[in-house]
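Descriptive structure summary
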Amino acid sequence: MLFSTSHGLVFSAFNIKWLTPSKYDKPIVSEIIPEILSRYDIILIQEIRGDGINVMSRAIADLSSLTGHTYGYVMSKKTGRSSYKEQYAYVYRQDAGFSVMTALQYNDTRDVFEREPYIVQIDTPSLSVKTFGIIGAHIKPDDTVAELNNLTLVYDYAVTQLGTENILFAGDFNADCSYLRSSKYNDLLLTTDSRFKWLIGSDADTTVSTNTDCAYDRFLTSRSLKDAVVDGSVSVFNYQTAFNLSYEQAKIVTDHFPIALELL
C-alpha cells in the first residue's frame, strides 16, 4: 500500500460521492474519510456539493487532528449546467513544504465541459521536479469521448497559464466500460498524441461496486513529467478491504476507490 513519505510527494485523486455536510454527519464517513486522506500529501477531491466550505473545513480539521500535520486547501467555483452543482478541491500538506502557487478554472468559452476542469500549480521545492501543474476533471459520463478529447486543449491552456509543461491529468474520467469502449479509447487524442502517457490501464477497477469492474478514475502525465513518477507507485486503494468494512459500509463512504502515485 502507498503511504505519504518524507522522500517524495504522494498524490491522490478521490471522487467522494455527494460530499455534503449532511453526509459528513454520518459517523462512518467522518471517521473513514480523514483516514483515507491521511495517506497522501496532496489530494484532488471531487463531487463536493452543498456548503463546500462547511464540509471541507470539517474534513481538514479532522484530518489535522488525526495526523498532527498542517493542511491547506483551495476549492473551485460550483460547476454544472443545471441546478446540480459540484466543486473540486485540492488539499495539500503545508508542513511538508508543498503549496499551491496558482489555482484557476478552465475558461470553457465553448461550453464543452459539464464541470470545467480545475487547474493548480504546485510548488515542490524538495523534489526533483520543482513545480508542476494538475488538471483535475470530473468527466460527464454521457459526453466522455468529447470531453476527454478536449482535455488536450485544457493542457495547452494550462501550459500557457502556468508556464510549465510538467502537467498531470487526474480525476474521475468515466474512462471505461459502457462510457468508453476500448475502440474509442484507442482513438482518443489523449491516446494518439505522443505528448501524453496513461498511467492507469483499463484492467484496473476503481469502483466499489461488486457489479462493476471499471477503470473510471485515471492519471495521465505529460512527457516532461513522466520520469518524475516513481516506478510502481501508481495504485488503487481498496479502503473496504483495508479498513475491514462491509460492502454496505464502504458504499456509504463513496462509490470510488482513490487512486494514487508518487513523484520524486
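What counts, and where the lines are drawn
Residues numbered from 1 in each chain as written. Predicted model: local features only at pLDDT ≥ 70, side-chain atom pairs only at ≥ 80, totals over all residues. Heavy atoms only, no water. Disulfide = S-S within 2.5 Å. Helix = DSSP H or I, 4+ residues; strand = E, 2+ residues; numbered from the N terminus. Pairing = 2+ DSSP bridges. Axes fitted to C-alpha atoms, helices over the stretch in contact; angles between N-to-C directions. Core = buried A, V, L, I, M, F, W, Y, C linked by side-chain atoms within 4.5 Å. Buried < 20%, exposed > 50% of the residue type's maximum accessible area, 1.4 Å probe, protein only. Contact = heavy atoms within 4.5 Å. Salt bridge = Lys/Arg side-chain N within 4 Å of Asp/Glu carboxyl O. Lys, Arg positive; Asp, Glu negative; His and termini not counted. Polar contact = N/O pair within 3.5 Å; in protein donor to acceptor, adjacent residues only side chain to side chain.

Throughout the structure, instances matching the rule amount to 1 disulfide. Covalently, Cys177 is tied to Cys214 through a disulfide, its sulfur atoms 2.0 Å apart. Its S-S torsion of about -105 degrees marks the bond between Cys177 and Cys214 as left-handed, since a negative value means left-handed. Within this pair, whereas Cys177 is found in the loop between strand S8 (167-172) and helix H5 (182-187), its partner Cys214 is found in the loop between strand S9 (196-198) and strand S10 (217-222), the two being separated by 37 residues in sequence.

Before going further, it helps to examine the sheet that holds strand S6 (residues 118-123). Overall, mixed pairing links the 6 strands, which are arranged S5-S6-S7-S8-S10-S9 in an open sheet. Bordering the open sheet on either side are strand S5 (99-105) and S9, each of which pairs with just one other strand. Adjacent strand axes in the sheet meet at a mean angle of 20 degrees when their direction is disregarded. The sheet contact formed by strand S7 (residues 131-136) and S8 spans 4 bridges and is parallel. Paired with Gly136 across the bridge in S8 is Ala170.

A word on the nonpolar core. Counting 32 residues, the largest nonpolar core has Ile33, Ile45, Ile48, Met56, Val91 and Tyr239 as its most contacted members. Among the elements of the structure, strand S1 (9-19), helix H2 (27-37), strand S2 (42-48), helix H3 (52-67), strand S3 (71-75), strand S4 (87-93) and helix H9 (247-253) are those that each provide at least two residues to this core. Here this core gets 6 residues from one element, more than from any other, and that element is H2. Core analysis: the next-biggest nonpolar cluster, separate from the first, contains 30 residues, Phe11, Ile134, Ala204 and Leu225 among them.

Turning our attention to the sheet that holds S4. In space, the 6 strands of this open sheet follow the order S3-S4-S2-S1-S12-S11, with mixed pairing throughout. Of all strands in the sheet, those with a lone pairing partner are S3 and strand S11 (235-236), marking the two edges. Bridging between S3 and S4 involves 5 bridges; their strand directions are antiparallel. Residue pairing across strands places Met75 opposite Ala89, the latter belonging to S4. Packed onto the sheet, H2 meets S1 and S2 and runs at close to 155 degrees relative to S1.

The next thing to look at is the environment of Phe132. For Phe132, the location among the structural elements is in strand S7. Sequence-distant contacts of Phe132, that is, excluding residues within four places in its chain, are made with Leu9, Val120, Gln121, Ile122, Thr124, Asn166, Leu225 and Leu263.

Moving on, we come to the pattern of salt bridges. In a structure, side chains of opposite charge can pair up when their charged atoms sit close to one another. By the definition in use, this model includes 12 salt bridges. In this structure, the salt-bridge partner of Arg58 is Asp25, at a minimum N-O distance of 2.7 Å. Of this pair, Arg58 sits in helix H3 while Asp25 is found in the loop between helix H1 (21-24) and H2, placing the two residues 33 residues apart along the sequence. Taking relative accessible area as the criterion, Arg58 reaches 29% and is therefore assigned partly exposed. The closest approach of N and O atoms between Lys140 and Glu114, which form a salt bridge, is 3.7 Å. Of this pair, Lys140 sits in the loop between S7 and helix H4 (144-162) while Glu114 sits in the loop between S5 and S6, and the two are 26 residues apart along the sequence. Salt bridges here are not isolated pairs; linked through shared partners, they connect Arg81, Asp111, Glu114, Lys140 and Asp143.

Inspection of the secondary structure assignment puts Glu47 in strand S2. Among buried Asp, Glu, Lys and Arg side chains, Glu47 stands out as unpaired, with Arg49 the closest opposite charge at 6.5 Å. Within the structure, the side chain of Glu47 is placed 3.2 Å from the side chain of Asn15, a separation counted as a polar contact. With residues up to four places along the chain from it excluded, the contact list for Glu47 reads Asn15, Ile16, Lys17, Trp18, Leu19, Tyr84, Glu86, Gln87 and His138.

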